[in-house]
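Listed here are the chains, written in short residue letters.
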Amino acid sequence: MAFRKQNRVERIWKASLLLHGKPCGSLALGVRVCDTVLTRLGLETPEPNRLVCVTESDGCCVDALQVGLGCTMGKGHLLFYKTGMLVFTVYDLTGGGSVRLRTRGEVAERIHEMNPRELLSMPESALFTLEEARPMTPRVLRRVTTACNARGEQIPPRVPGLQDCPDTFRQFDEPK
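Worth saying up front: this structure is predicted, and the values here are computed from it rather than measured.

A. Local environment of the environment of E44. Following the sequence through the fold, E44 ends up in the loop between α2 (25-41) and β1 (51-55). E44 gets classed as partly exposed once you look at its relative accessible area, which sits at 33%. A C-alpha to C-alpha distance of 8.0 Å links E44 and R8, two positions 36 residues apart in sequence.

B. Seen up close, the layout of surface pockets. Size it by volume and the second largest pocket reaches roughly 260 Å³. Lining the second largest pocket are V54, E56, L79, Y81, T89, Y91, R100, R134, P135, M136, T137 and V140. Considering only residue class, the lining of the second largest pocket consists of seven nonpolar, two polar and three charged.

C. The arrangement of the packing of α2 against helix α3 (residues 61-69) in detail. Direction vectors running N to C along α2 and α3 enclose 35 degrees, while the axes themselves pass 7 Å from each other. Seen along the crossing, α2 lies across α3 with a hand that is right-handed. Here S26, L27, G30, V31, V33, C34, V37 and L38 of α2 lie close against α3, whose contacting residues are C61, D63, A64, L65, G68 and L69. By residue class, the composition of the contact of α2 with α3 is 10 nonpolar, three polar and one charged.

D. Highlighting the pattern of salt bridges. Tallying each qualifying case throughout the model produces 11 salt bridges. With its nearest N and O atoms 2.9 Å apart, the salt bridge here joins R100 to E131. Placement of the pair is R100 in strand β4 (residues 98-103) and E131 in strand β5 (residues 128-131), with a sequence separation of 31 residues. Where E131 meets R102, a salt bridge forms, and the shortest distance between an N and an O atom there is 2.4 Å. Highlighted residues: E131 in strand β5 and R102 in strand β4, separated in sequence by 29 residues. Judged by relative accessible area, which is 26%, R102 ranks as partly exposed. Through salt bridges with shared partners, a single ionic network connects R8, R11, D35 and E44.

E. Highlighting the environment of S121. Positionally, S121 belongs in helix α5 (residues 116-121). In this structure S121 comes out as exposed when scored by relative accessible area, which is 57%. Of note is the side chain of S121, whose polar atom sits 3.1 Å from the backbone oxygen of R117. At a separation of 3.2 Å, a polar atom in the side chain of S121 contacts the main-chain carbonyl oxygen of E118.

F. Broad picture of unusual backbone geometry. The phi torsion at N49 lies on the positive side, around 65 degrees, for a residue other than glycine. Its place among the elements puts N49 in the loop between α2 and β1. Its relative accessible area of 44% is what places N49 among the partly exposed residues.

G. Highlighting α3. Inspection of α3 places C61, V62, A64, L65, G68 and L69 among the buried residues, and these make up the whole buried set. Viewed along the axis of α3, the buried residues span an arc of 155 degrees, placing them on a single side of the element. Just past α3, the residue G70 takes up positive phi, approximately 70 degrees.

H. Up close: the pairing of β1. With five of five residues buried, β1 lies mostly within the body of the structure. Every second residue of β1 is oriented toward a common face, with L51, C53 and T55 on one face and V52 and V54 on the other, all of them buried. The pairing of β1 with strand β3 (residues 87-92) spans five bridges and is antiparallel. By the bridge assignment for β3, V52 is matched with Y91. Tracing the backbone out of β1, into α3 and back to the parallel element strand β2 (residues 78-80) gives a crossover that is right-handed.

Reading the values: rules and limits
- Residues numbered from 1 in each chain as written.
- Predicted model: local features only at pLDDT ≥ 70, side-chain atom pairs only at ≥ 80, totals over all residues.
- Heavy atoms only, no water.
- Helix = DSSP H or I, 4+ residues; strand = E, 2+ residues; numbered from the N terminus.
- Buried < 20%, exposed > 50% of the residue type's maximum accessible area, 1.4 Å probe, protein only.
- 1 Å grid on protein atoms, 1.4 Å probe; cavity = no way out; pocket = protein on both sides within 12 Å on 5 of 7 lines; lining within 4 Å.
- Points joined across faces, edges and corners; volume = space filled by probe spheres on them.
- Nonpolar A, V, L, I, M, F, W, Y, C, P; charged D, E, K, R; others polar.
- Axes fitted to C-alpha atoms, helices over the stretch in contact; angles between N-to-C directions.
- Left-handed = near helix turned anticlockwise from the far one by under 90°.
- Contact = heavy atoms within 4.5 Å.
- Salt bridge = Lys/Arg side-chain N within 4 Å of Asp/Glu carboxyl O.
- Polar contact = N/O pair within 3.5 Å; in protein donor to acceptor, adjacent residues only side chain to side chain.
- Arc of directions from axis to C-beta.
- Pairing = 2+ DSSP bridges.
- Right-handed = clockwise from strand over helix to strand, strands pointing away.

It is worth stressing that arrangement in space is one thing and function is another; only the former is reported here.
Encoded structure:
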């Protein structure tokens with residue numbers, strides 16, 4: 001089992017490096033979030049559209065979350081609540097489970113100076129505290145399950161600044 005776990009960490013690490021472009025402590029932390037979540041939910045690798053991740057940090061760790069959990073903002077399965085804390089909540093839409101990880105204070109304070117390899121090999125208990133995840137609200141669940149419903153080339157063009165305006169989105173929801 002330890003070999004499979006290490007193999008998964010290395011696989012996610014290598015794929016995350018390809019996306020992110022360089023090694024750093026925050027990216028390594030994201031890899032460990034992925035591994036811990038998958039272990040806790042009893043998954044080897046997630047199927048597409050199975051997991052939803054709520055991250056409270058917009059740092060480099062998010063690149064690893066996209067790779068290791070298959071959650072992206074485009075699909076609406078990666079939600080960002082900007083608190084600045086290294087806290088991650090993952091929901092399993094198929095199995096119904098959830099995991100909430102809070103990065104330990106001593107790790108969060110030193111994350112930018114830590115060696116990525118050190119983070120990849122630290123025990124889970126030295127990195128995170130587990131907390132109870134709040135249930136996903138029906139509104140968020142509807143948003144997640146209908147986020148990417150456009151067919152082919154019908155995806156509306158995005159203009160910087162306009163995507164924040166609800167009126168802009170409504171025009172794409174109404175039939176022409």
